[in-house]
Amino acid sequence: MAYAIIETGGKQYRVNQGTVIEVEKLSVEPGSEVSFDRVLAVGEGDNLKVGSPALEGAQVVGRVLAQVRGPKIRGFKYK
């Protein structure tokens, strides 16, 4: 099965066709398509193409399912 390693929001993700991932907030509406142009590697089985730093002309297209907020993080100090 073919896979790609993409970079978005300063993080890297390994994706296959049909993979659902949670990424940093994107400035697009839910239900619309988004293309990730920063593809670092594409592979299928033992065949792997790695860019330096990204592959030219490669892109991954996905659909935004929803814009959600993560859990609230509370930070405090003991004195």
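Shown above is the structure to which this text applies.
The paragraphs below set out a description of the structure included in this document. Everything numeric here is computed off the predicted structure, so don't read it as measured data. (Residues numbered from 1 in each chain as written. Predicted model: local features only at pLDDT ≥ 70, side-chain atom pairs only at ≥ 80, totals over all residues. Heavy atoms only, no water.)

**Section: a positive patch on the surface**
In step 1: Together, Lys25, Arg69, Lys72 and Arg74 give the surface a local cluster of positive charge.
In step 2: In this structure, Arg69 sits in the segment after β6 (60-63).
In step 3: Given the relative accessible area of 83%, Arg69 is considered exposed. (Patch = residues over 30% accessible without salt bridge, like charges linked within 9 Å, V, L, I, M, F, W, Y side chains within 5 Å. Areas by Shrake-Rupley, 256 points an atom, 1.4 Å probe, with all protein chains shown as cover. Salt bridge = Lys/Arg side-chain N within 4 Å of Asp/Glu carboxyl O. Lys, Arg positive; Asp, Glu negative; His and termini not counted. Charge placed at Lys NZ, Arg CZ, Asp CG, Glu CD. Helix = DSSP H or I, 4+ residues; strand = E, 2+ residues; numbered from the N terminus. Buried < 20%, exposed > 50% of the residue type's maximum accessible area, 1.4 Å probe, protein only.)

**Looking at the side chain of Thr8**
In step 1: Within the fold, Thr8 resides in strand β1 (residues 2-8).
In step 2: Look at Thr8 and you get buried, because its relative accessible area is 13%.

**Brief notes about the pattern of salt bridges**
In step 1: This model, assessed by the stated rule, comprises two salt bridges.
In step 2: As a salt-bridge pair, Glu7 and Arg38 come within 2.9 Å of each other at their nearest N and O atoms. On the criterion of sequence distance, the pair formed by Glu7 in strand β1 and Arg38 in the loop between β3 (33-36) and β4 (39-44) is long-range, its members being 31 residues apart.
In step 3: We classify Glu7 as partly exposed; its relative accessible area is 24%.
In step 4: Residues Glu24 and Lys11 are paired through a salt bridge, measuring 2.5 Å at the closest nitrogen-oxygen approach. Of this pair, Glu24 sits in the loop between β2 (11-15) and β3 while Lys11 is found in strand β2, placing the two residues 13 residues apart along the sequence.

**Looking at the nonpolar core**
In step 1: The biggest cluster of nonpolar side chains holds 11 residues, and these are Ala4, Ile6, Tyr13, Val15, Val34, Phe36, Val39, Leu55, Ala58, Val60 and Val64.
In step 2: Looking at this core, the elements that each hand over two or more residues are β1, β2 and β3.
In step 3: Residues within four places of Phe36 in sequence aside, it is in contact with Ile6, Thr8, Leu26, Ala58, Gln59 and Val60. (Core = buried A, V, L, I, M, F, W, Y, C linked by side-chain atoms within 4.5 Å. Contact = heavy atoms within 4.5 Å.)

**Quick notes on the layout of surface pockets**
In step 1: By volume, the largest pocket is sized at about 1000 Å³.
In step 2: Every residue lining the largest pocket is counted, 37 residues in all, and those nearest its centre are Thr19, Val20, Ile21, Phe36 and Arg63.
In step 3: If you list the elements that add at least two residues to the lining of the largest pocket, you get β1, β2, β3, β4, β5 (47-50) and β6.
In step 4: Residues that form the lining of the largest pocket fall into these classes: 20 nonpolar, nine polar and eight charged. (1 Å grid on protein atoms, 1.4 Å probe; cavity = no way out; pocket = protein on both sides within 12 Å on 5 of 7 lines; lining within 4 Å. Points joined across faces, edges and corners; volume = space filled by probe spheres on them. Nonpolar A, V, L, I, M, F, W, Y, C, P; charged D, E, K, R; others polar.)

**Let's talk about the packing of aromatic side chains**
In step 1: If you walk through the whole model with that rule in mind, you get one aromatic pair.
In step 2: For the pair Phe76 and Tyr78, a centre-to-centre distance of 5.5 Å together with 85 degrees between the ring planes defines the contact as edge-to-face. With respect to burial, Phe76 and Tyr78 carry one shared label: exposed.
In step 3: Lying across the ring of Tyr3, Arg14 places its NZ or CZ 3.8 Å from the centre. (Phe/Tyr/Trp six-rings, centres within 6.5 Å; stacked < 30°, edge-to-face > 60°. Lys NZ or Arg CZ within 6 Å of the ring centre and 35° of its normal.)

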